[in-house]
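Here are the chains, one letter per residue:
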Amino acid sequence: MALADTERAASSCGDPSAAFSDIIELNVGGQVYVTRHKTLIAVPDSLLWNMFSKKSPKELARDSKGRFFLDRDGFLFRYILDYLRDLNLVLPDYFPEKSRLQREADFFQLRDLAKRLSPRVSKDNSICEEISQSDPEDGGLQGCSSSDTLRAASVSSAMRSPSLDSRKSGYITIGYRGSYTIGRDIQTDAKFRRVARITVCGKTSLAKEVFGETLNESRDPDRPPERYTSRYYLKYNFLEQAFDKLTEAGFHMVACSSTGTCAYTSNDPNEDKIWTSYTEYVFCRE
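Not measured: the values here are computed from a predicted model.

*Asks:* Lay out the overall build of the chain in plain terms, naming residues and giving numbers.
*Replies:* On a plain count of helices and strands, the chain comes out with nine helices and 11 strands. Here the contacts in the chain between residues at least 6 apart in sequence split such that 59% fall between residues at least 24 apart. Roughly 17,100 Å² of accessible area belongs to the chain as shown, and the carbon and sulfur atoms make up 50% of that amount.

Structure follows, in C-alpha cells:
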C-alpha cells in the first residue's frame, strides 16, 4: 500500500495538470468565471493549455480570494470560454467588438478562432469577412470566391456605409436633460448649457449600428436586436457629436420638443437664475 501511494505521488509530481482541481475559478479583469479544468485545456498549445497543463497552481497568479487571475478583458472572455467548450463560434447580432475579440483570441493563442474573426483580402484586394457558419451576424457571407467578388464587395461596402439605402429604415429619439445659469444683468458672464446625459430610444439594432461602442447598454443588457428600448445612453455628453453620427448614418431630424423651468438660487430676484430643460429630438431614416 505504501509503495502504491509513493508511485501515485511521484506520478502527480511529473504531471502538473494533475494538481489542478476539476472545477477552476478564474478572475478575468474583475469578472469571475467558474469552469472545468478540461475546458481550459481544450485547445493544445494555447496559452490556457500551457498555463493549466504545463505549470503547477503555485506558478500562476491569484487574486485575494485564491482565484486564478488573468489581466484581460473580462467581458470578452465569456466568448473565449464559450469557444473552448465546443470549439464553435457564436456571436450575438450586431456585435460591435469583433476586432477586440480577435485581439483576445490572438493573446490566448487560439489560432483557429482568430482566423475566423479576421477579415481577409481576396485576389482583387476587396475585403471580405472570414465568418464561421455559426456566426449569425454575418452568416450570409461565406468567403469571397471569384464569382461572388462583386456581390461580396457590395455587401461589405454597405456594411461600412450605413447611409446607403440598403440599411433599415426607422426612428431614433435623442433626449437630454440640461441646465444653465443666467447671471444678473450687470454680469457679463454666464454658465452655459450643461448636459447631464444623452439618452437613446429606438430599436436596438439601429441604436447599435449608429453609435457602436459609444452606446452604453448597462441599464438594458442583452436586449434582442429587433426589440425597442428607452434605457440606452451615450458615453459622452456632446449633443452635436450624437447628431453627427446620426447624419453619417443617413438619419435626418423630423421633430423636436422641449420643456423648461426657471428657478432662483435665493429669494432675491437679482440673484442668478437657473434654467433646467428636457429636450427630445426625433430622427428618421426612410
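*Asks:* Hey, could you go over the side chain of Ser53 for me, with residue numbers and the actual values?
*Replies:* On the secondary structure map, Ser53 appears in helix α3 (residues 47-54). In this structure Ser53 comes out as buried when scored by relative accessible area, which is 12%. Within the structure, the side chain of Ser53 is placed 2.3 Å from the backbone oxygen of Trp49, a separation counted as a polar contact.

*Asks:* Quick rundown of the pattern of salt bridges? Include the residues and the values.
*Replies:* Between side chains of opposite charge, pairing is possible as soon as their charged atoms come close. Considering all chains together, one arrives at 13 salt bridges under this definition. With a closest N to O distance of 2.9 Å, Arg72 and Glu104 form a salt bridge. A residue pair is termed long-range when its members are at least 10 positions apart, and Arg72 in the loop between β3 (68-70) and α4 (77-86) and Glu104 in helix α5 (residues 98-107) qualify at 32 residues. Residue Glu104 is classed as buried on the basis of its relative accessible area of 2%. Among the ionic pairs, Arg285 bridges to Glu209, the shortest N-O distance being 2.9 Å.

*Asks:* Mind laying out the side chain of Thr173, listing which residues take part and the relevant values?
*Replies:* Considering the arrangement of structural elements, one finds Thr173 in strand β6 (residues 170-182). Note on Thr173: relative accessible area 17%, which makes it buried.

*Asks:* Can you break down the confidence of the model for the chain residue by residue, with the values?
*Replies:* Mean pLDDT over the chain: 78, with 69% of residues reaching 70 or higher. Below pLDDT 50 for its whole length, residues 1-12 participates in one contact with residues either more than four positions away or in separate chains. Here residues 152-165 scores under 50 on pLDDT; set against residues more than four positions off or in separate chains, the count is 22 contacts.

*Asks:* Tell me what's going on with the layout of surface pockets, and back it up with residues and numbers.
*Replies:* Computed from the structure, the second largest pocket encloses a volume of approximately 600 Å³. The wall of the second largest pocket is formed by 25 residues, among which Phe75, Glu97, Lys208, Glu217 and Asp222 lie closest to the centre. Only α4, α8 (204-211) and β8 (215-216) provide two or more residues apiece to the lining of the second largest pocket. Here the lining of the second largest pocket is built from residues that sort into 10 nonpolar, four polar and 11 charged.

Conventions adopted
- Residues numbered from 1 in each chain as written.
- Predicted model: local features only at pLDDT ≥ 70, side-chain atom pairs only at ≥ 80, totals over all residues.
- Heavy atoms only, no water.
- Helix = DSSP H or I, 4+ residues; strand = E, 2+ residues; numbered from the N terminus.
- Contact = heavy atoms within 4.5 Å.
- Areas by Shrake-Rupley, 256 points an atom, 1.4 Å probe, with all protein chains shown as cover.
- Buried < 20%, exposed > 50% of the residue type's maximum accessible area, 1.4 Å probe, protein only.
- Polar contact = N/O pair within 3.5 Å; in protein donor to acceptor, adjacent residues only side chain to side chain.
- Salt bridge = Lys/Arg side-chain N within 4 Å of Asp/Glu carboxyl O.
- pLDDT = per-residue confidence, 0-100.
- 1 Å grid on protein atoms, 1.4 Å probe; cavity = no way out; pocket = protein on both sides within 12 Å on 5 of 7 lines; lining within 4 Å.
- Points joined across faces, edges and corners; volume = space filled by probe spheres on them.
- Nonpolar A, V, L, I, M, F, W, Y, C, P; charged D, E, K, R; others polar.

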